[in-house]
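# Survey of secondary and tertiary structure
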Amino acid sequence: MPRSGPLPAALSLLLATAALLPGPAAAQNAGFVKSPMSETRLTGDAFELYCDVVGNPTPEIQWWYAEVNRAESFKQLWDGARKRRVTINTAYGANGVSVLRITRLTLEDSGTYECRASNDPRRNDLRQNPSITWIRAQATISVLQKPRINASEDVVIHVYGPAVTLQCNLTTSPSPLSASYWVKNGEEIPGTRKASNTTEYKILKPRAEESGEYLCVFLFSNSPVANATIEVRATPDITGHKRSENKNEGQEALMYCKSVGFPHPEWVWRKKVNGVFEDINNSSGRFFISNKDNYTELSITNLQINEDPGEYQCNATNQVGSVSVTTILRVRSHLAPLWPFLGILAEIVILVVIIVIYEKRKRPDEVPDDDEPAGPMKTNSTNNHKDKNLRQRNTN
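Remember, it's a predicted structure, so these values are computed and weren't measured experimentally.

## Things to note about the pairing of strand 16 (residues 212–220)
In terms of residue burial, strand 16 counts as a mostly covered element, since eight of its nine residues are buried. Bridge count between strand 13 (residues 177–184) and strand 16: seven bridges; the pairing is antiparallel. Residue Trp-182 lies in a different strand from strand 16, and its bridge partner there is Cys-216. In the sheet, strand 16 pairs with strand 17 (residues 226–233) via seven bridges, with the strands oriented antiparallel. Each bridged residue has a counterpart across the sheet, and for Leu-215 the counterpart in strand 17 is Thr-229.

## Notes on the layout of surface pockets
The computed volume of the largest pocket comes to approximately 220 Å³. In terms of lining, the largest pocket is formed by Lys-271, Val-273, Glu-278, Asp-279, Ile-280, Asn-281, Ser-283, Ser-284, Arg-286, Phe-287, Glu-307 and Asp-308. When contributions to the lining of the largest pocket are tallied by element, the ones reaching two or more residues are strand 21 (266–273) and strand 22 (276–279). Classifying every residue of the lining of the largest pocket gives three nonpolar, three polar and six charged.

## So, the packing of aromatic side chains
Per the stated rule, a full pass over the model turns up five aromatic pairs. Where Phe-47 meets Tyr-113, the ring centres are 5.4 Å apart and the plane angle is 65°; that geometry is what we call edge-to-face. Pair noted here: Phe-47 is in strand 3 (residues 47–56) and Tyr-113 is in strand 8 (residues 111–118), with a separation of 66 residues, a long-range link. Taken individually, Phe-47 and Tyr-113 each receive the classification buried, so the pair is uniform in this respect.

## Points about the environment of Asn-227
Here Asn-227 is to be found in strand 17. With a relative accessible area of 36%, Asn-227 lands in the partly exposed category. Measuring from C-alpha to C-alpha, the distance between Asn-227 and Lys-146 comes to 9.8 Å, with 81 residues separating the pair along the chain. Beyond its immediate stretch of four places on either side in the chain, Asn-227 contacts Ile-149, Leu-215, Cys-216 and Val-217.

## A few points about a nonpolar patch on the surface
The grouping of Phe-341, Leu-342, Leu-345, Val-349, Val-353 and Ile-357 at the surface amounts to a nonpolar patch, some 520 Å² of accessible area in total. Along the polypeptide, Phe-341 turns up in helix 4 (residues 339–361).

## Side note on the sheet that holds strand 24 (residues 295–300)
Taking strand neighbours across the sheet as the criterion, the four strands line up as 18-20-24-23 in an open arrangement whose pairing is antiparallel. Of all strands in the sheet, those with a lone pairing partner are strand 18 (237–241) and strand 23 (287–292), marking the two edges. The mean inter-strand angle of the sheet, taken between neighbouring strand axes irrespective of direction, is 20°. For strand 20 (residues 253–260) and strand 24, the ladder comprises six bridges, and the chain directions are antiparallel. Residue pairing in the sheet places Ala-253 in a bridge with Ile-300 of strand 24.

## So, the state of the cysteines
As used in these notes, a disulfide is a covalent bond between sulfur atoms, one from each of two cysteines. What the rule picks out here adds up to three disulfides. Residue pairing for Cys-51: its cysteine sulfur links by disulfide to Cys-115, the two sulfurs lying 1.9 Å apart. Residues Cys-51 and Cys-115 are joined through a disulfide that is left-handed, its torsion about the S-S bond being -80°. With Cys-51 in strand 3 and Cys-115 in strand 8, this pair connects stretches of sequence that are 64 residues apart. A relative accessible area of 1% places Cys-51 in the buried class. The exposure class of Cys-115 is buried, given its relative accessible area of 0%. Covalent S-S linkage joins Cys-257 and Cys-314, the inter-sulfur distance amounting to 1.9 Å.

Criteria and cut-off values
- Residues numbered from 1 in each chain as written.
- Predicted model: local features only at pLDDT ≥ 70, side-chain atom pairs only at ≥ 80, totals over all residues.
- Heavy atoms only, no water.
- Buried < 20%, exposed > 50% of the residue type's maximum accessible area, 1.4 Å probe, protein only.
- Helix = DSSP H or I, 4+ residues; strand = E, 2+ residues; numbered from the N terminus.
- Pairing = 2+ DSSP bridges.
- 1 Å grid on protein atoms, 1.4 Å probe; cavity = no way out; pocket = protein on both sides within 12 Å on 5 of 7 lines; lining within 4 Å.
- Points joined across faces, edges and corners; volume = space filled by probe spheres on them.
- Nonpolar A, V, L, I, M, F, W, Y, C, P; charged D, E, K, R; others polar.
- Phe/Tyr/Trp six-rings, centres within 6.5 Å; stacked < 30°, edge-to-face > 60°.
- Contact = heavy atoms within 4.5 Å.
- Patch = residues over 30% accessible without salt bridge, like charges linked within 9 Å, V, L, I, M, F, W, Y side chains within 5 Å.
- Areas by Shrake-Rupley, 256 points an atom, 1.4 Å probe, with all protein chains shown as cover.
- Salt bridge = Lys/Arg side-chain N within 4 Å of Asp/Glu carboxyl O.
- Axes fitted to C-alpha atoms, helices over the stretch in contact; angles between N-to-C directions.
- Disulfide = S-S within 2.5 Å.

Read these as layout, nothing more, since geometry by itself doesn't imply function.
This is the structure in structure tokens:
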């Protein structure tokens, strides 16, 4: 009969460790984390529907579609359908995530779109009822005829030119108009909001900063926003740059230019060589140029006093015109920080030399001759007094 007693310590530790190790994850039915949302769009626009599901194993995702008033007649959607206007991107990980996108919408794209998900092993068995093996989330997409807007043509403005008027006229709309207003470069222009099918905006003083992308926007009570775009173009105007840059040898120089004007310009940096501006030669790898819309930077690292000083030109060019400005780069020697001290030291040296020369050229004090007596000189004052007394006696 086997002996029963306490388990060996090593075996007990092994069992305890095994008990703490995670076992296989329990099965979990599919469930929605994020479901598609209903939308209303205009013809020519696009929409996207999102579907995020969780489960173990990760559920499979499919997209289905039913036409308006035919909610029971669903057809599966595939990537590239409807003349490649349909795009389906799906990724599987801990969750299953899928995005349905349809572009260049038409009225026929209206209907019910359904995201289906399942991790049931029997989900593709035709003998099973899909309503049992698949979970579903629906969204209704309504596509309305896009309003017709008659808008001004794109315009080019010139400095000191005549005033420019932009106009938009709404001729058809899917629902009653609520308001209209103007937008410049993504921001509403204050004071332009009103309730009218016809709207205009005046540029009284055409300048480069007044150029940009203008939109006349129309709001409706029961349909999406509609707008028309008018491009106002102008030659770039460089409004900020460094006139000069002073650096020491070995340091880094930074020059920049910023401009106004639409469209955004293409930037080019050049350096004057033998009296002619040429594109920068970056064979040394010390030149770095960064461009973003209406701003550009030129950075030069480890400045060389024999190569880098000179005139640098930034040029901005767009479809309308071109403009350039110049920055002068000066590079000083490594000893430049010592120049003030050396100047003071030189002044001190010169002053000492002047003092020494002056002292040498100054007339020396008179030195007494060796033949002259060293003691005080005797006078004949005593003899004079004797002679004076003798005359007085004779008189008496």
